[in-house]
Each structure stands twice: as C-alpha cells, then as structure tokens.
Amino acid sequence: MYVYDAFDRTLVAERVEEFRDQVARRLSGELTEDEFKPLRLMNGVYLQLHAYMLRTAIPYGTLSSAQLRMLAHVARKYDRGYGHFTTRQNIQYHWIKLAELPDAMADLASVGMHGMQTSGNCVRNITTDQWAGVAPDETEDPRVFAELIRQHVTLHPEFSFMPRKFKIAVGTAARDRAALRIHDLALQLHRNAEGEAGFEVMVGGGLGRTPFLAQTIKPFLAKRDVLSYVEAVLRTYNQFGRRDNIYKARIKILVHELGPEAFAKEVDAEWQSIKDGTLTLDDAAVAAIADRFFYPAYERLADGPPQLAEARRASRDFDLWLGNSVANHKAPGYAIVTLSLKPEGGTPGDATAEQMDAIADLAVRYSFGEIRVGHEQNLVLPHVAQRDLSAVWQALQAIGVATPNVNLVSDIISCPGLDYCSLANARSIPIAQEITRRFHNLDLQRDLGRLHVNISGCINACGHHHVGHIGILGVEKNGEEFYQITLGGKADEGATLGTLLGPAVPYGQVADVVEDIAAAYLELRERPDELFIDTVKRAGIEPFRERVYATR
Amino acid sequence: MTSPLEQKKIRVAGPVVVTANRVGDGAVVYHRADGGWTTALGDAAIATDAEGARALLAGALADDLRAVGPYIAPVKLSAAGQPRPGNLREMIRLRGPTIDLPVPLGGTAMASRAYTHGVPAVAAASLFGQ
Amino acid sequence: MPLVENGKLVEDRYIRADDDAPLPERVPVLVSAKRFLAEADMLVRRDGSLGVIWPNDRRVAELKPWLGHLALIALEFPKFRDGRAYSQARQLREILGFRGTLRATGDVLRDQFTFLVRAGFDSFAVKKPADAAAFAASIGRFSVFYQPGADGRISALRRRLHTTDAAKTSETV
C-alpha cells in the first residue's frame, strides 16, 4: 500500500485547516448554505435524512491497520459506533455533526485519511480490484496508476467544478473485479503485439436514470501518456459536458450525444496540445510513486501446508468457509481471505467500531497490517499464510465476519436506502435483511451458487442494481414502496445491463419474488453447475417472468 | 417518498409543516410559529393551505443560519389535533431508521448515545400499512 | 465590484464599452466578444490597451490570431459552480501562451481563489468586499500542489524527484 510522504501529509493537513475555517464561516453566517454546500461536498460531507454524513475516502480500497483503527475511533467518537462500507470502496458515517467535523477530519488526517473529493463535481475515489497486488491473474499492480491519477486529480484547479461527478476505475487483471465498464473512465491494462503494456481507455459508463456501459475510445494508450490523456478527457468533459440539466450532465450523455468516434476526436485534439509535455510519465515519475508502495516480505512457503489439510479434516465448517471465502494468492503458501460483512439479518456493508478494531489487530498479526475494501461491500485480508487460515477463521467467527456466503445469494450489495438517504424513494436494507433470512440455509445458498443480488433505493443506483444478476430498484407509487426487478445484469468483463422482469412488486413481496426466481433457476438449469447467470442467458427471462407473475 | 428536493410547485392537499435539518448537527427540526425551530413535531406550526405553507417556507428559507434545506412536508392530525408524520419518509426522519442499528460485539446498544426509536425491524408487512 | 490584482485591491483602469458606444481615446477599454469579433482589425490598431470579455461557452482558440494585441482577457463564471473558464484560462496560458492579464469575473468567491490563481488568472473581480480583503490569506493556505498549473509552481511529483537524493524516510502511516 502507498505510504504518505511529507508532501501528502502537508496537503491533507492544509485541507483540514481550510475546512475548519469554512465550517466556522458557515456557522457564523459569513457563508450561506448555497456557497458552503459545494465546499463541504468537496470534503465528502453530505446532508442526509437524520444528520450530516461523512464519506471518507479509502483510495482504491486499501487500508493499513492504523487507518482501520482510526476509522473505528471516528465511529466511536463522532458517530454511533459503526460505519458503512460503500460500493465505491469508501466508508460512510451517518450521524455526523457539522460542528465536530473539523476535529474528526484532523483525526483522520493524522493517519493520512480524508474525505476529499468523495463528493462534488470533481473526480471521485479511483477504484480498483480489491485483490490488487495479490491476484494470480494480474500482471501489474493497478494501484500504482490509481495513485498517480489520484494525486493528479486531487485539488486540480481546472477540474474541481465540472458539470458533474467523475468516477475512474483501473484494472490490470484478466478478470474484471472492479466493474470497469460502469465508470465514467476506465483503464484496462493490455499487452500489444509487441508485448508492451498499455491501457485500453473506455469512457462513458454510468448507471442511474440512463445507464450506459463505457465504450472504448482508445484501444492502446502507452503508460507514459496516461496522465496527459486523462487530462484531455477531463478537459473535453469540463468544456462540453452539459450544464443545463443535472440529469444529462454526466460524461456518458456527452459520449452518447456526440458518438464515441466524434468524442474520441475531440479528446485527441485536446491531447495533441499537451501530450509529450510535463505530464508525460517518465520512469522516474512512476518510480517516485511506485517506490512508496509497501509490499510484504513474503516468506518462502509452499502451497497446501499440513496444518491446512489437518484443519480441513477436523472441521467441515472450516472446509466450507475455505471453499467459499478464500482465494488463491500469487505468492505460494499464501491466500486471499474475504471477510463477509453480510451476516444474516444484518445491514450489508456495516461494521461496528469493535469489529474494525478486531480486524485491524488480525491484519497486523496475519496480513502484514493491510486490509482491503471491495465494491461488493466486504473486506479482505490480502496476505494470509495458508498455515494460519484455521486460526484466522476462528478469529473471524468470533468477530462475526466469517459467514461463508461470499458471492452467494445472501451476499447482497445494497445502498443505505430510505432509512438513511435523502435521495431515496424506498428502503433497501430491510429488503436485504429479509432476503438473507429466507436464504439462511447455507446448503441451499451453495446449491444456488454464485448469485449477485443488488438493491438500490432510488434511480441513482448506488447499489448498482442494473448490473446485478437480480437487480432490485425501489420506487414510490402512491406513497407506498414498490420494487422493480431486473434480471441478467453483469458487472464483470462481460458487463451487461439487466432486463426488467415485469411490473413493480410491493415491499412485502420482494423476498417472495427472489425465492420464486431462485426456485425457477433450480428447475431450469441444465446441470447443477450451470451458474444462475448462465441459465438466465440461455433460457431467457421469459420463464422467470412467468413464474414470478403467475400469481401476481 | 419522492425526494422533496424535486418539489417545485407548492401543492397543499392537507395539513403540512415546514421541516429542515439543523445546521450545527444535522438534526431533524420543524419550523415553529414564532420563527424558531424544534425537534418536537408536536410544537411545529401547521399550515392548511398553499398561502400559509408558502409563508412558513419563506420564513424558513430566510433562516439559513440555523436550518438547511427547508421544505414542506405533509402531516396527519390525530383526533386531538396533534401532528404525526404524513408519509414514510417523514416518519423515518422523525423516529430514525426502521432497522436496528449495529450493536457492539457481546454488548448492548451504545449507552450514552443510546438510540431508541420504537420501530422494530420489519419482516413482511409494509411499515406504513393502514 | 472590488478588483484584486497582485494581492491587493486596485482601481479598474479599464472602461467597459457598450457594443454600440464610441470608444474613449487612449484609455484601456474592455469590449464584449461580439464587438471584438466584429471590429477586431480596427480595435487592435487603436491607441490604448484592449480587453475582451470572452464567454465561457466559446473556444478560446478563436482568439489566437489576436493574442499579441490583447492586454486583458476577462473570462466568466456565471455561477461559481460553472468551471468552464478554468479550462479556458489554462489553455490561454499554457497552450496559446497568452501573457496579458487574465481576469476572473462573475461569481468569483474566496474559496475559489487558489484554484483561480493556479489556473492562470491574475486579476479578480471579486463579488464580496470581505472576500477581496481576504485574498492574500486565502492563497497562502496551501503549500503543496500535486499537479502542475499555470502559475508556475512546481508540482509535488517534480519536487519529489528533485529531493529523491535527500534523506529517505521509512515512516509508516
């Protein structure tokens, strides 16, 4: 993970002081809310239903134990003892007081954390695969480029008042675990015919009212040109993105209205003026950042140590958890452990301060002091020695983060919804909770296999429902909560938007509908190992539609 | 529960109050007849027509120092004339999330910041059923 | 509207000329883009400094033929949230090489001063007198900038490279 130097620390500290002054001027009336709002948004401070909400950035989802402990401290001192991990690898606190925020931010700054640009019409948190740096199918660590870009766009004088928010994701692995194509800008590493590594540049993805998948505007961008090209994309967007209609202001609309070829031409014209200039990334510039990334000094271990085999024999539950929550690591003898924040009946993505502290301690002991946050709202211990897996599992169980449901139907991705969010039309968390109760039988979950349920409480789609295998969107009809169901969405390299199943169903029937869909899959699948998403693709949604609406 | 941020015309179909969030801590507050703000819905000024609602809102909007984002929210009146939240969103704003907040391991809910809202987690029925 | 240049309040030397008004002799004048484009050849030959107000929805490249004749370009922020003029400013400074005065006009507020300076503005028609008075303090707030801007200050990236040979620290966060 990236280690702050004096420049980074100074920048964050100066930002905290600036915000302290801005809060004081707001509380004294020197700043109106209208003037203050974009300023607080630039520090991740929202106003929600019950209180202010602070969204703290977790750049590309990587945390040190010290940072996780500070997140726990903020939850305890300034909030109600818990935090919520989001679908953009950030954390949110839902009960913040404005007057206390400068102190909370100073505490966060002491470990190099902040809320800068987690909101507002600027470039937001740059996300990557939560297995970055340790996944076997990865060629390079995407976080180095994510950090290069992050620094470049932080407090960027030209791009702090764009038409709308701008979300960037970087991927370097064969599998897309970062949902690249739903981003405004995505970079995917490839090798060309000469074996050189470069980035495919995709632009114009985004969910919400008008969902789009990103389109390729440049198949191969040399690494040295990444910053200048990103600059050209942002400059094009800043100048020509629509500012007349908030619902048409994202870059996806500009790309759609111009067409990707015309858009690419505009970007290229801007780029020609600045490429090969000061933004060119020579080796020294990349090394200045890459050298500050800390990598573990792995021991030389072998896969499949005897302790592991013994533990598997001794406990079926351990064996099942292993098969579900543990993935192969690129270093022999190590493993990637996912911590499920989706317990039965719980709020997806929430963790208490106590849990965060306990996980931080475990990370020091077993994961070289590092934790990851995934966009699926689970946590990861990325460097666990296989011989330690049994001990880790037992510790995780005690913390309540060892439910072996990763990627299964109860591993639900959900926004906070109407229980917290002022934009929401309907609740999402109780829907998720009820679904987990209906599917509490883990044998059933394992039989159903990989099945992604995504819930959004409004059309802004923070739950990414468009790309869920089962997508659930809360709407309001005559003062009642109703839910539209979509089927067949995918967030990975085969990104697809789901198809509407039929008329919206009322709050009380959503869990029933999910059960009907699951039952239909069990009947329709050709073989037990045909994945849900593949059955939907093969059989189409008609049989599912019939089943769900037969009695509705 | 369409976000009131999308409200453009003032349409008053029944009794309404003006509600906002308090600047310092974001708490839900209601506009009082004397121009102040209260967290108690029972002390809120109630308007019954568009004119009254408009006047109430105008006063609230002018109080940028104390309240953020005021808007007109419906209420229902009890038999005794006491205002109650007029839709699910307003009930959640008044009484808090409809779900249990996370509890620390092996413990009870946070003591000094204990948050009770009396609204249990809901299984199958709509919370806002008649 | 208070004008800030070189960190202090100054009088505006420029006369804002209406589109159809005769131009005063030998004094700096500021004209609309419409008038400028219609009368450019005459205006640049006039004795006296020339300034143009350029809207934020037109490409500044259109001004390229006349940049050597323009003493002032005023760019517009209809609302402070409309950040198009930041791009215009940087293009004028860094790509087109404009050396004259670049003025920010419109909804120009204190909390944007640092961004404006970094984008290349050096003249500020500030909306609130209190903000104008706080100009120097505002821009002195930040000492580290990650990216290069039009104000010539070295980015952190490059500063790091110059100090790479200095003592390395092994502090962890």
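Here the structure is a predicted model, which means the values were calculated and not measured.

Observations concerning the overall build of chain A
And step 1. Scanning chain A from N- to C-terminus turns up 18 helices and 21 strands.
And step 2. Its C-alpha atoms give chain A a radius of gyration of 23 Å, near enough to 24 Å, the size a compact globule of 552 residues would have.
And step 3. Out of the 552 residues belonging to chain A, those deemed buried represent 67%.
And step 4. Residue pairs in contact within chain A that sit at least 24 positions apart in sequence constitute 68% of those at least 6 positions apart.
And step 5. Surface exposure of chain A reaches about 17900 Å², of which carbon and sulfur atoms provide 51%.

Details of the sheet that holds strand E3 (residues 62-64) of chain A
Residue and element names in this part refer to chain A.
And step 1. The strand order across the open sheet formed by five strands is E3-E14-E15-E12-E11, and the pairing between neighbours is antiparallel. Of all strands in the sheet, those bounded by a partner on one side alone are E3 and strand E11 (326-328). Within the sheet, the average angular offset between the axes of one strand and its neighbour, ignoring direction, is 30°.
And step 2. Sheet contacts for helix H12 (residues 353-366): strand E12 (334-339), strand E14 (370-373) and strand E15 (379-385); angle to E15, the most-contacted strand, approximately 25°.

Some points on the interface of chain C and chain A
And step 1. Listed by partner, the interface residues are 39 residues for chain C and 60 residues for chain A.
And step 2. Buried surface at the junction of chain C and chain A, summed over both partners, amounts to about 4400 Å²; 55% is from carbon and sulfur atoms.
And step 3. Run the count over chain C and chain A and you get 13 salt bridges.
And step 4. The residue A:Asp21 makes a salt bridge to C:Arg110 at a minimum N-O spacing of 3.6 Å.
And step 5. Linking chain C to chain A there are 23 residue pairs in polar contact (both at pLDDT 80 or more).
And step 6. Elements with a contribution of two residues or more to the side of chain C that touches chain A: helix H2 (84-95), helix H3 (113-119) and helix H6 (156-162) of chain C.
And step 7. Residue composition of the side of chain C that touches chain A, by class: 14 nonpolar, nine polar and 16 charged.

Quick word on the pairing of strand E4 (residues 82-85) of chain A
All names here are of chain A.
And step 1. Of the two faces of E4, the one lined by Tyr82 and His84 and the one lined by Gly83 and Phe85 are each fully buried.
And step 2. Sheet topology places E4 next to strand E13 (residues 350-352); three bridges connect them, and they run antiparallel. Bridging from a neighbouring strand, His84 pairs with Asp350 of E13.
And step 3. Where E4 meets strand E5 (residues 91-96), two bridges bridge the pair, whose relative direction is antiparallel. Residue pairing across strands places His84 opposite Gln92, the latter belonging to E5.

Digging into the interface of chain A and chain B
And step 1. Each partner contributes residues to the interface: chain A has 52 residues there, and chain B has 39 residues.
And step 2. Summed over both sides, the interface between chain A and chain B buries roughly 3600 Å², with carbon and sulfur atoms accounting for 56% of that surface.
And step 3. Its largest share of buried area at the contact with chain B, chain A owes to A:Leu49, A:His50 and A:Arg80, together 15% of the area lost on that side.
And step 4. If you look at where chain A meets chain B, you find one salt bridge.
And step 5. Linking B:Asp64 and A:Arg26 is a salt bridge whose minimum nitrogen-to-oxygen distance equals 3.2 Å.
And step 6. Counting every contact that joins chain A to chain B gives nine residue pairs in polar contact (both at pLDDT 80 or more).
And step 7. For the side of chain A that touches chain B, the secondary structure elements donating two or more residues are helix H1 (6-27), helix H3 (65-78), E5, E13, H12, helix H13 (389-399), helix H14 (429-438) and strand E19 (480-487) of chain A.

Focus: the packing of H14(A) against helix H16 (residues 510-524) of chain A
To describe two helices that pack against each other, one gives the angle between their axes and the distance between the axes.
Residues and elements named next belong to chain A.
And step 1. Running from N to C, H14 and H16 point in directions that differ by 45°, and their axes come no closer than 9 Å. Taken together, H14 and H16 sit at an angle that is classed as oblique. As for how H14 packs across H16, the hand of that crossing is right-handed. For the pair formed by H14 and H16, the contact residues are Ile431, Glu434, Ile435 and Arg438 on the first element and Val510, Ala511, Asp512, Val514 and Glu515 on the second.
And step 2. In terms of residue class, the contact of H14 with H16 is made up of five nonpolar, no polar and four charged.

Some points on the confidence of the model for chain B
Residues and elements named next belong to chain B.
And step 1. Scored by pLDDT, chain B comes out at a mean of 79, with 73% of its residues at no less than 70.
And step 2. The spread of mean pLDDT over the elements of chain B runs between helix H1 (residues 50-62), the lowest at 94, and strand E2 (residues 28-31), the highest at 98.
And step 3. In this model residues 108-130 is a low-confidence stretch, pLDDT under 50, and it forms 48 contacts with partners more than four residues away in sequence or in other chains.
And step 4. Two summary scores accompany this predicted model of the complex, namely pTM at 0.92 and ipTM at 0.93.

Details of the pattern of salt bridges
And step 1. Enumeration according to the criterion identifies 76 salt bridges over all chains in this entry.
And step 2. One continuous salt-bridge network, built from bridges that share partners, spans A:Asp21, A:Arg25, A:Glu30, C:Arg110, C:Asp111 and C:Arg141.

Overview of the side chain of B:Thr38
All names here are of chain B.
And step 1. With respect to the element layout, Thr38 can be found in strand E3 (residues 37-38).
And step 2. Among the polar contacts made by the side chain of Thr38, one reaches the main-chain amide nitrogen of Ala40 at a distance of 2.9 Å.
And step 3. With residues up to four places along the chain from it excluded, the contact list for Thr38 reads Val28, Val29, Tyr30, Arg32, Asp43 and Ala44.

Some remarks on the domain arrangement of chain A
Residue and element names in this part refer to chain A.
And step 1. Each assigned domain of chain A is listed with its residue range as follows: domain 1 (6-109), domain 2 (142-290), domain 3 (306-398) and domain 4 (413-549).
And step 2. The gap between the C-alpha centroids of domain 2 and domain 3 is 34 Å.
And step 3. With four residues of domain 2 at the interface, the matching set in domain 3 holds four residues.
And step 4. Buried surface at the junction of domain 2 and domain 3, summed over both partners, amounts to about 210 Å²; 37% is from carbon and sulfur atoms.
And step 5. It is Arg143, Arg177 and Ala179 in domain 2 that bury the most area against domain 3; as a group they hold 93% of the surface buried on that side.
And step 6. Linking domain 2 to domain 3 there are one salt bridge.
And step 7. A salt bridge links Arg143 to Glu370; its shortest N-O distance comes to 3.2 Å.
And step 8. In this assembly, domain 2 and domain 3 are joined by two residue pairs in polar contact (both at pLDDT 80 or more).

Examining the environment of A:Ser160
And step 1. By the element assignment, A:Ser160 lies in the loop between helix H5 (142-153) and strand E7 (168-171).
And step 2. By relative accessible area, A:Ser160 is classed as buried at 3%.
And step 3. A sequence separation of 74 residues divides A:Ser160 from A:Thr86, and the C-alpha atoms of the two residues are 23 Å apart.
And step 4. Here A:Ser160 is in contact with A:Met42, A:Asn121, A:Cys122, A:Leu155 and C:Phe115, once residues within four sequence places are set aside.
And step 5. A polar contact is formed between the side chain of A:Ser160 and the backbone oxygen of A:His156, at a distance of 2.7 Å.

Notes on the nonpolar core
And step 1. One finds A:Leu71, A:Phe166, A:Leu389, C:Phe36, C:Ile73 and C:Phe121 to be the most contacted residues of the largest nonpolar core, which totals 164 residues.
And step 2. Residue contacts for A:Leu389: discarding those within four places in its chain leaves A:Leu308, A:Phe318, A:Trp321, A:Leu322, A:Val326, A:Ala335, A:Val337 and A:Val384.
And step 3. Counting 33 residues, the second largest nonpolar core, distinct from the first, contains A:Tyr507, A:Val510, A:Tyr521 and A:Val548.

Rules of the game
- Along each chain, residue indices are assigned from 1 in the same order as the chain's sequence is written.
- Starting at A for chains and at 1 for ligands, labels are handed out in the order in which the entities are written.
- The predicted nature of this model means local features are confined to residues of pLDDT at least 70 and side-chain atom pairs, given and counted, to a pLDDT of 80 or more, with totals for whole chains, interfaces and linings taken over all residues.
- Computation of side-chain values: all heavy atoms of the structure, hydrogens and water removed.
- Counting from the N terminus, the helices are DSSP H or I runs at least four residues long and the strands are E runs at least two residues long.
- The reference for a compact globule is 2.2 Å times residues^0.38; the radius of gyration itself is calculated from the C-alpha atoms.
- Exposed residues in this analysis have more than 50% of their type's maximum accessible area, buried residues have under 20%, and partly exposed residues fall in between, with area computed by a 1.4 Å probe over protein chains only.
- A contact between two residues is defined here by any heavy atoms of the two lying within 4.5 Å.
- With residues, only the protein chains shown are counted as cover, and all accessible areas are computed by Shrake-Rupley using a 1.4 Å probe.
- Two strands pair if DSSP finds at least two bridges between them.
- Here the axes come from fitting lines to C-alpha atoms, over the contacting stretch only for helices, and the angles between their N-to-C directions go from 0 to 180 degrees.
- Take the accessible area each of two parts loses on contact, using a 1.4 Å probe, and add the two losses: that sum is the buried area.
- Salt-bridge detection follows one rule: a side-chain nitrogen of Lys or Arg within 4 Å of a carboxyl oxygen of Asp or Glu.
- Polar contacts here mean pairs of N or O atoms no more than 3.5 Å apart (in protein, one a potential hydrogen donor and the other a potential acceptor; neighbouring residues in sequence count only if both atoms are side-chain atoms).
- Residue type decides the class: Asp, Glu, Lys and Arg count as charged, Ala, Val, Leu, Ile, Met, Phe, Trp, Tyr, Cys and Pro as nonpolar, and the leftover types, Gly among them, as polar.
- Our angle categories are set so that under 35 degrees counts as roughly parallel, over 145 as roughly antiparallel, 65 to 115 as roughly perpendicular, and the remainder as oblique.
- Each crossing gets its handedness from the near helix: less than a right angle anticlockwise from the far helix is left-handed, clockwise is right-handed.
- Within a predicted model, pLDDT stands for the predictor's per-residue confidence, ranging from 0 to 100.
- Domain start and stop points were drawn from an automatic or database domain assignment.
- What is meant by a nonpolar core is a set of buried Ala, Val, Leu, Ile, Met, Phe, Trp, Tyr and Cys residues, joined one to another through side-chain atoms within 4.5 Å.

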